[in-house]
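Here is how the chains run, residue by residue.
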Amino acid sequence: MSARSPASAPARAWQRMLSGRRLDLLDPSPLDIEIEDIAHGLARVARWNGQTDGAHIFSVAQHSILVETIARQRARLDRKERLAVLLHDAPEYVIGDVISPFKAVIGDAYKIVEARLLAAIHLRFGLPAILPEPLAGQVKAADRAAAYLEATRLAGFDYTEAARFFGRPPRLSTVIERDYLKPWPAELAQERYLARFARLVGE
């Protein structure tokens, strides 16, 4: 019996992480998820396909910290709820940050993979696989507020255009502008993401 040819072999659906874990995208296991891999990956994934001002990309890790900060300023959230906000884009450490226009082109297949990954990530860190609707709404609102700020401060959108896509300008403290909207080097974004995670899990 002849050996199976490379052309007929099943396509590889897992990615090897720097931790040594192999994460299956079709059936992700919480046991194969490590926060160090998430932080490393997100700090090197660019928001807005890299089309932002500054010497460094505006990373998904920095965006996630921004969203968690906005959500915390807007509502009284406990540490687990804030952790859920911080992890809202965590699947992108594997699948990258697919911009909204491209998501509209490729349809639901992307969403299915993303949802499976997010559920596994939630379970790995003691969160419900699917967030309660009120918290999911708060995450979405904070995410849109962050997108408005990034669009107008970094990605070249004018205020009218940004409002059309992301809603009204958010009312936030000046700390947001000063500390969270200047792109950080990848190593700093990774370090700060891990530090915020550690604070929220009580390590």
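The preceding data block contains the structure.
Here's what I pulled together on the structure shown here. (Residues numbered from 1 in each chain as written. Predicted model: local features only at pLDDT ≥ 70, side-chain atom pairs only at ≥ 80, totals over all residues. Heavy atoms only, no water.)

Notes on the packing of aromatic side chains
Two measures describe an aromatic ring pair: the distance that separates the ring centres and the angle between the ring planes. According to the stated counting rule, one finds seven aromatic pairs in the structure shown. Note on Phe157 and Phe166: the rings are 5.9 Å apart at their centroids and 55° apart in plane angle, and the pair reads as tilted. The rings of Trp48, Phe157, Phe165 and Phe166 are connected pair by pair, giving a single aromatic cluster. Sitting over the ring of Phe165, Arg164 keeps its end group 5.0 Å from the ring centre. (Phe/Tyr/Trp six-rings, centres within 6.5 Å; stacked < 30°, edge-to-face > 60°. Lys NZ or Arg CZ within 6 Å of the ring centre and 35° of its normal.)

A look at helix α6 (residues 108–124)
Between its first and last C-alpha, α6 extends 24 Å over 17 residues, near the 24 Å set by a 1.5 Å rise per residue. Tyr110, Val113, Glu114, Leu117, Ala119, Ala120, Ile121 and His122 are the residues of α6 that are buried. Immediately downstream of α6, the backbone of Gly126 shows phi near 75°, a positive value. (Helix = DSSP H or I, 4+ residues; strand = E, 2+ residues; numbered from the N terminus. Expected span 1.5 Å × (residues − 1). Buried < 20%, exposed > 50% of the residue type's maximum accessible area, 1.4 Å probe, protein only.)

Description of unusual backbone geometry
Its identity is not glycine, yet Trp48 carries a phi of approximately 60°, on the positive side. Among the structural elements, Trp48 can be located in the loop between α1 (35–42) and α2 (60–74).

Details of the side chain of His63
As for its placement among the helices and strands, His63 is situated in helix α2. Among the residues examined, His63 registers a relative accessible area of 0% and is labelled buried. Here the side chain of His63 touches Arg47 through a polar contact of 3.4 Å, side chain to side chain. Here Asp89 takes part through its side chain, which lies 3.3 Å from a polar atom of the side chain of His63. (Polar contact = N/O pair within 3.5 Å; in protein donor to acceptor, adjacent residues only side chain to side chain.)

Digging into the packing of α1 against helix α10 (residues 186–201)
Here α1 crosses α10 at 140°, and the two axes come no closer than 8 Å. Between α1 and α10, the angle falls in the class oblique. α10 is crossed by α1, and the crossing has right-handed handedness. Along the contact surface, α1 presents Ile35, Glu36, Ile38, Ala39, His40 and Leu42, while α10 presents Gln190, Tyr193, Leu194 and Phe197. Along the lines of polarity and charge, the residues of the contact of α1 with α10 split into seven nonpolar, two polar and one charged. (Axes fitted to C-alpha atoms, helices over the stretch in contact; angles between N-to-C directions. Parallel < 35°, antiparallel > 145°, perpendicular 65-115°, else oblique. Left-handed = near helix turned anticlockwise from the far one by under 90°. Contact = heavy atoms within 4.5 Å. Nonpolar A, V, L, I, M, F, W, Y, C, P; charged D, E, K, R; others polar.)

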